[in-house]
Amino acid sequence: MDIKKPNDLELKRVLSLSPQAVFDGTLGEVRPTNQKIEQLIEPLLEKGNYYLIAIENDQLMGWILIGTSKDQFTDKINGFIYELFVLEEFRGKGISKMLLRTGIDYLKQDGYSEVRLSVFAGNQAIKLYEKLGFNIRTITMSLPL
C-alpha cells in the first residue's frame, strides 16, 4: 500500500466519495450533496490544505485531508486533520492508523508543533485518536429546541 498525494483523477474520485465520508463521520446526521462538498473543500484546497490517499494496485482505499487551522483565541496556527475516511471494504486493516501517522508526520515536517481535529461524539474513531495521543481539548454541546 502507498500513501501519497493524489493525482487529478484520484482527487476527483475522493471528492465524489466525500459525501459518504461526511455522512459516516457525522454518524448519519449530515448527508451533504456533491455541491456542498465542493463549497466546503475547494476553499481548503485553495489555501494549501491537501489530501493524502491510501492506494494499492490502483485501488483507492482511503484518505486524509490535512492542513492548517487558526486557534480562535490565540491566533496560533496549528496543523489540522479535516477528514479521515477508509472505504468500508478496507476497514479493520489499520489503514486509518497509517493515514493518521503519515498525515501527522507531514504536518510535523511542515513545522507545526500541534495537530488538532474535530470529531462527532460517539464516533468510533475517537478510540484511535486517543491511542495516538490526542486529548479532548474542547467540547461543543447542543440543545435541540
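Data block above holds the structure.
Residues numbered from 1 in each chain as written. Predicted model: local features only at pLDDT ≥ 70, side-chain atom pairs only at ≥ 80, totals over all residues. Heavy atoms only, no water.

Turning next to a nonpolar patch on the surface. Together, I136, I139 and M141 give the surface a local cluster of nonpolar side chains, amounting to about 430 Å² of exposed area. For M141, the location among the structural elements is in the segment after α4 (125–131). (Patch = residues over 30% accessible without salt bridge, like charges linked within 9 Å, V, L, I, M, F, W, Y side chains within 5 Å. Areas by Shrake-Rupley, 256 points an atom, 1.4 Å probe, with all protein chains shown as cover. Salt bridge = Lys/Arg side-chain N within 4 Å of Asp/Glu carboxyl O. Helix = DSSP H or I, 4+ residues; strand = E, 2+ residues; numbered from the N terminus.)

Here we come to the environment of F23. Take F23: it is sitting in helix α1 (residues 8–25). Sequence separation of F23 and F85 is 62 residues, and the distance between their C-alpha atoms is 11 Å. Those residues in contact with F23 that sit more than four places away from it in its chain are G28, V30, R31 and P32. (Contact = heavy atoms within 4.5 Å.)

W63, I64 and I81 are the most contacted members of the largest nonpolar core, which has 34 residues in total. Put simply, the parts of the chain that give this core at least two residues each are α1, α2 (34–46), β2 (50–56), β3 (59–70), β4 (77–86), α3 (95–109), β5 (115–117) and α4. For W63, the residues in contact, after removing those within four places along its chain, are V14, L17, S18, A21, Y51, L52, I53, E83, L84, F85 and L99. (Core = buried A, V, L, I, M, F, W, Y, C linked by side-chain atoms within 4.5 Å. Buried < 20%, exposed > 50% of the residue type's maximum accessible area, 1.4 Å probe, protein only.)

Right, let's talk about the sheet that holds β2 for a bit. Overall, mixed pairing links the five strands, which are arranged β1-β2-β3-β4-β5 in an open sheet. Every other strand in the sheet has two partners, leaving β1 (2–4) and β5 as the edge strands with one partner each. For this sheet, the mean angle separating the axes of adjacent strands, direction not counted, is 25 degrees. When β1 meets β2, the two strands line up antiparallel, connected through three bridges. Bridging across to β2, K4 finds its partner in I53. (Pairing = 2+ DSSP bridges. Axes fitted to C-alpha atoms, helices over the stretch in contact; angles between N-to-C directions.)

Moving on, we get to the packing of aromatic side chains. A full pass over the atoms with the stated rule returns four aromatic pairs. Judged by centre distance (4.6 Å) and plane angle (55 degrees), the ring pair of F80 and Y82 falls under tilted. When its relative accessible area of 13% is taken as the criterion, F80 is described as buried. With a relative accessible area of 31%, Y82 lands in the partly exposed category. The ring of Y50 is capped by K5, whose NZ or CZ atom sits 4.2 Å from the centre of that ring. (Phe/Tyr/Trp six-rings, centres within 6.5 Å; stacked < 30°, edge-to-face > 60°. Lys NZ or Arg CZ within 6 Å of the ring centre and 35° of its normal.)

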